[in-house]
Amino acid sequence: LVVAGTAQAGRPFVYDQELATVARESLWRSVTSGPPISRSKVERVRVRCYADKRTFERTFEARFGLSASRVIAYYAGGADLHLRDGTCDSVRAFLTGRHTVYTAAAYSILLHEALHRQGVKDERITTCLANDAVRWGALWFGFDEQEALRARNLALTFTKRYSPPSYRM
């Protein structure tokens, strides 16, 4: 146990399969109009939850040559979505029923990066779709309609208050 714990502690990130499933299923469930689409049309993702702030920022800065101080998460191609450790924790808190501006935003951010994996490039459109997908994912996860709408509205509130203008509709 000590050896396994030490090995885990030294890793810069872990892949979170639960969050990957939540992201893909939420996006699939959010396609509510038009003809039904096959689940296979939604690209699989792998969610990297970084061990700490320093590791996330160092990885981002090495890759892009830019400061990561204002970056919450990012997508850089392939199946991997890169999330700060606190963002992963906040998504998990959301899924257990703690709906705040920050936990709903974390869920939306996970979906935002998963939408980039689907090929959506425009940040405004991606943010809009992700915020709306919070509702459908919350319903799939077992929350009632009122809770799901409130969660979506909390994500929208975060976008309005904290996101750069290029991410807002």
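Residues numbered from 1 in each chain as written. Predicted model: local features only at pLDDT ≥ 70, side-chain atom pairs only at ≥ 80, totals over all residues. Heavy atoms only, no water.

A. View of the sheet that holds strand E3 (residues 73–75). Reading across from one edge, E1-E2-E4-E3 is the order of the four strands in this open sheet, with mixed pairing throughout. The sheet is open, and its two edges are formed by strand E1 (13–15) and E3, each paired on a single side. Ignoring strand direction, the axes of neighbouring strands in this sheet form an average angle of 25°. Note: strand E2 (residues 46–50) against strand E4 (residues 80–83), four bridges, orientation parallel. Bridge pairing in E4 links Cys-49 to Leu-83. (Pairing = 2+ DSSP bridges. Helix = DSSP H or I, 4+ residues; strand = E, 2+ residues; numbered from the N terminus. Axes fitted to C-alpha atoms, helices over the stretch in contact; angles between N-to-C directions.)

B. The arrangement of the environment of Gln-118 in detail. Examined against the element boundaries, Gln-118 turns out to sit in the loop between helix H5 (101–117) and helix H6 (123–140). The sequence separation of Gln-118 and Ser-26 amounts to 92 residues, and the corresponding C-alpha distance is 13 Å. Every residue in contact with Gln-118, bar those within four places of it in the chain, is listed here: Leu-27, Lys-41, Val-42, Glu-43 and Val-45. (Contact = heavy atoms within 4.5 Å.)

C. Here's a closer look at the side chain of Thr-55. If you trace the backbone, Thr-55 turns up in helix H3 (residues 53–64). Of the polar contacts made by the side chain of Thr-55, one reaches the side chain of Asp-52; its length is 2.7 Å. Every residue in contact with Thr-55, bar those within four places of it in the chain, is listed here: Pro-12 and Tyr-50. (Polar contact = N/O pair within 3.5 Å; in protein donor to acceptor, adjacent residues only side chain to side chain.)

D. Spotlight on the pattern of salt bridges. Under the definition given, this model contains nine salt bridges. In this structure, Glu-25 engages Arg-29 in a salt bridge whose closest nitrogen and oxygen atoms are separated by 2.9 Å. Taken together, the positions of Glu-25 and Arg-29, both in helix H2 (residues 17–29) and four residues apart, correspond to about one turn of that helix. For Arg-84, the salt bridge is made with Glu-57, and the minimal N-O distance between the two is 2.8 Å. Residue Arg-84 is located in the loop between E4 and helix H4 (85–95), and its partner Glu-57 is located in helix H3; the two are separated by 27 residues in the primary sequence. (Salt bridge = Lys/Arg side-chain N within 4 Å of Asp/Glu carboxyl O.)

E. Seen up close, the side chain of Thr-126. Position of Thr-126 relative to the elements: it lies in helix H6. The buried category is assigned to Thr-126, whose relative accessible area is 0%. Filtering out sequence-adjacent residues up to four positions away, Thr-126 remains in contact with His-112, Leu-115, His-116, Val-120 and Lys-121. (Buried < 20%, exposed > 50% of the residue type's maximum accessible area, 1.4 Å probe, protein only.)

F. Examining the packing of aromatic side chains more closely. Tallied over the entire structure, the rule returns 14 aromatic pairs. Where Phe-60 meets Phe-64, the ring centres are 4.7 Å apart and the plane angle is 45°; that geometry is what we call tilted. With Phe-60 and Phe-64 both in helix H3 and four residues apart, the pair spans about one turn of that helix. Their ring planes at 80° and their centres at 6.2 Å tell us that Tyr-102 and Phe-158 sit as a pair that is edge-to-face. Of this pair, Tyr-102 sits in helix H5 while Phe-158 sits in helix H7 (residues 145–162), and the two are 56 residues apart along the sequence. Here Arg-39 stacks its cationic end above the ring of Trp-28, 3.9 Å away from the centre of that ring. Here the guanidinium or amino end of Arg-135 rests over the ring plane of Trp-136, the centre of that ring lying 4.3 Å away. (Phe/Tyr/Trp six-rings, centres within 6.5 Å; stacked < 30°, edge-to-face > 60°. Lys NZ or Arg CZ within 6 Å of the ring centre and 35° of its normal.)

G. Expanded view of the pairing of E2. With respect to burial, E2 is a largely interior element, four of its five residues being buried. Pairing geometry for E1 and E2, over three bridges, is antiparallel. Within E2, the position partnered with Phe-13 by the bridge is Tyr-50.

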